[in-house]
Amino acid sequence: MDPIVFKRKRKNEVKCADTCSSSAAAPGNVNSDHVERNTDCNLQTSTSFEPHFKKKKVSARRYNEDYLKYGFIKCEKPFENDRPQCVICNNILANESLKPSKLKRHLETQHAELTDKPLEYFQRKKKDVKLSTRFLGCPTAVSEKALLSSYLVAYRVAKEKMAHTAAEKIILPACLDMVRTIFDDKSADKLKTISSDDIISLRMCTIAEHLETMLLTRLQTGIDFAIQLDDSTDLGSGTTLLVYVRYAWQEDFMEDFLCCLNITSHLSGLDIFTELEKCIVGRYKLNWKNCKGITSDGAANITGRHSRVIKKLLEVTDNGAVWNHCFIHREALASREIPQNLLEVLKNAVKVVNFIKGSPLNNQLLETFCSEIGANRTHLLYHTKVRWLSHGKILSRVYELRNEIHLFLTEKKSHLASILEDDIWVTKLAYLTDIFGILNELSLKLQGENSNIFQQVERIQGFQKTLLLWQARLKSSRPSYYMFPRFLQHIEENVISENLLKEIKLEILVHLTSLSQTFNHFFPQEKFETLRENSWVKDPFAFRNPESVIELNLVPEEESELLQLSSSYTLKTDYEALTLSAFWIKVKEDFPLLSRKIVPLLLPFTTTSLCERGFSVLTQLKAKERNGLKGAADMRVALSSCVPDWSELLSRQAHPSP
């Protein structure tokens, strides 16, 4: 090679190296991309030198807290400072996108359904993103199986009404022990990232939101629905209003938990209605005109003269809904009427229970004593007026343990022992045990899911007729007591004079007469007149003759549909195999006029038993140790009838790569 050309090349390389080093040493002049480009000059052997030009410095944009209203937070990943992150899809945008117009465009194009959400919604989402970032690790995506496992654990914890710490303190250690024993330590280590207290809370909130969305998606299609509502006071003296909904879905009626509202005790009826309106119409976007039934327990704070919550609800439905007074509540009110002599027996039984249960020592001594002598029962039950089955259970237990209780009270030298020595008192106790046991059975029959008005009325009317039969039995010349087995056994095993037995019989007769009158008051026959006029709903195949159809006061088109329906042997097979509601839902396309008429009859709830179950769950969730728990997400997951779509949850919670 020519030495002159070689020297020129070496000189150019030295100049290039000097330029690169000086550029790298200059603070803040160029970015890292320029440094890398200049470093590559050391490897070039070109004969011409290309001068380096500085790029114009672009200042980084800063995050503003006001951007949260567009659904964006400041990304907290390492090396991602001042980049906006969407709280909905977790996408991280460039720093140049930190402009209100670009952030708003992302919200409107990618999440158009959330444009009207208030700031509080995005604040809740912000907490979820922070928890997810903290515990799941941003740079690395959680495996799909581990993610699904954490959802399943959270779902099971909520369904069993357990504390969130149970997953970390009980479930996870037990799973680790089993996997180590059956497989190996390496397999067990894979489970350690599945559950912790905060992850379970996060998963439970996500499942609750998913279930709520599933329910509202169904209701917002404009289908008819009915609600039941009731309020109660929790351990923290806060008032909680529970609302359940029933609607037609697929092949039958569905009953589901709608909402749980925390209200202050001093709110008026109008305030309670306003809170309910904000939730159902404002938040859930439901139309009151689609509500066909409202059921409550008849308490004064909901239906009273000064409350008028039900009246306001009926007004917003344009009187298209019917109000049902809970059948169980009415049955409990009717059962309270007791003659004074029998009421004294009940009060003395409660005194005996309180004397023993009120002292931990007495309670323990009685249990020990009953265990030593081999009694079938070892402890008593408390009595409370707010529990429907309390009367029957407490009296049954006192009667079963009457001899053991008498011995115990005698040893304690209590004056209450003399009560159990009175044969007349014990005889009346036997009767009260029987009659309240029968009332308990009736109350249990009135409970249950998807019960309809025809079933409930048949049970009540059957009991009313039974009361009349018993009265006739006692009034006969040879009275019979077969309907009260404990009472009958007691008078057969003990010597009771005829005069005393007649006095007791008269007291029983007075009680049965009083029960008949109160049941007729709370369940008047004129209220059921509509059901008699629409008896074809209960059994459409009983009206096959045109003469019988004419008597139903249907319009000609409806009469034609009923005759056509009752003549189908195939549909009769379906009628015998399906529930009444499922049958009418199945034939609604073929017989639309008849199906439209059954909605206000079958859709409304007949009881508030679901609300009572909900309060039991709320009591379990908000124990003394967890009294500060809000419990909305836990309640939703524990009480919802919808089944989560796990694949959808996994796709929503998939973590995008940075």
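Residues numbered from 1 in each chain as written. Predicted model: local features only at pLDDT ≥ 70, side-chain atom pairs only at ≥ 80, totals over all residues. Heavy atoms only, no water.

- For the protein chain, the name recorded in an unreviewed UniProt entry is Family with sequence similarity 200 member B, with Panthera tigris altaica as its organism.

Observations regarding the overall build of the protein chain
Okay, step 1: If you tally the helices and strands in the protein chain, you get 31 helices and seven strands.
Okay, step 2: The buried share of the protein chain, taken over its 658 residues, is 45%.
Okay, step 3: Taking as baseline every contact in the protein chain between residues at least 6 positions apart, the subset at least 24 positions apart corresponds to 67%.
Okay, step 4: Carbon and sulfur atoms make up 51% of the accessible area of the protein chain, which totals about 35900 Å². (Helix = DSSP H or I, 4+ residues; strand = E, 2+ residues; numbered from the N terminus. Buried < 20%, exposed > 50% of the residue type's maximum accessible area, 1.4 Å probe, protein only. Contact = heavy atoms within 4.5 Å. Areas by Shrake-Rupley, 256 points an atom, 1.4 Å probe, with all protein chains shown as cover.)

Some points on the pairing of strand β5 (residues 252-263)
Okay, step 1: As paired elements, strand β4 (residues 239-249) and β5 share 11 bridges and run antiparallel to each other. Its bridge partner lying in β5, A248 is registered against F253.
Okay, step 2: Between the antiparallel neighbours β4 and β5 lie two residues, among them Q250 with a positive phi of about 60°. (Pairing = 2+ DSSP bridges.)

Section: the side chain of N534
Okay, step 1: Locating N534 in the fold gives a position in the loop between α22 (529-533) and α23 (535-538).
Okay, step 2: Setting aside its immediate chain neighbours within four residues, N534 contacts F454, K597 and L601.

Focus on the sheet that holds strand β7 (residues 322-325)
Okay, step 1: Within the open sheet, the five strands sit side by side as β5-β4-β3-β6-β7. Their pairing is mixed. Each edge of the open sheet is held by one strand with a lone partner, namely β5 and β7. Within this sheet the neighbouring strands show an average axis-to-axis angle of 20°, counted without direction.
Okay, step 2: Note that strand β3 (residues 225-233) and β4 share nine bridges and pair antiparallel. From the neighbouring strand, L229 faces β4, where its bridge partner is V243.
Okay, step 3: Helix-sheet contacts for helix α30 (residues 632-639) involve β4 and β5, and the interaxial angle to β5 is about 165°. (Axes fitted to C-alpha atoms, helices over the stretch in contact; angles between N-to-C directions.)

What to know about the packing of aromatic side chains
Okay, step 1: Taken as a whole and judged by the stated rule, the model has 17 aromatic pairs.
Okay, step 2: Between Y121 and F122, the aromatic rings sit 5.5 Å apart at their centres with planes inclined by 80°, giving edge-to-face as the arrangement.
Okay, step 3: Residue classification places Y121 among the buried positions, given a relative accessible area of 11%.
Okay, step 4: Overall, the relative accessible area of 1% leaves F122 in the buried class.
Okay, step 5: Centroid distance F541 to Y575: 5.4 Å. Interplanar angle 55°. Geometry classified as tilted. Taken together, the residues F541 in the loop between α23 and α24 (546-550) and Y575 in helix α26 (residues 569-577) connect sequence positions 34 residues apart.
Okay, step 6: Among the aromatic side chains, those forming a connected cluster through ring pairs are F327, Y431, F463, W470, F484, F519 and F523.
Okay, step 7: Above the face of the Y151 ring, R203 is positioned so that its terminal group lies 5.0 Å from the ring centre. (Phe/Tyr/Trp six-rings, centres within 6.5 Å; stacked < 30°, edge-to-face > 60°. Lys NZ or Arg CZ within 6 Å of the ring centre and 35° of its normal.)

Comments concerning helix α11 (residues 309-316)
Okay, step 1: Within α11 the residues assigned to the buried category are V309, I310, L313 and L314. Each buried residue of α11 sits inside an arc of 135° when the element is viewed along its axis, so together they form one side. (Arc of directions from axis to C-beta.)

What to know about the pattern of salt bridges
Okay, step 1: According to the stated counting rule, one finds 16 salt bridges in the structure shown.
Okay, step 2: Here D177 makes a salt bridge to R180, at a shortest N to O gap of 3.9 Å. Placement of both D177 and R180 in helix α6 (residues 165-182) is noted, with a separation of three residues, approximately one turn of the helix.
Okay, step 3: In this structure, D434 and R486 form a salt bridge, with 3.3 Å as the shortest nitrogen-oxygen distance. Of the two residues, D434 is situated in helix α18 (residues 423-446) and R486 in helix α20 (residues 485-493); the sequence distance between them amounts to 52 residues.
Okay, step 4: By relative accessible area, D434 is classed as buried at 4%.
Okay, step 5: Residue R486 is classed as partly exposed on the basis of its relative accessible area, which comes to 29%. (Salt bridge = Lys/Arg side-chain N within 4 Å of Asp/Glu carboxyl O.)

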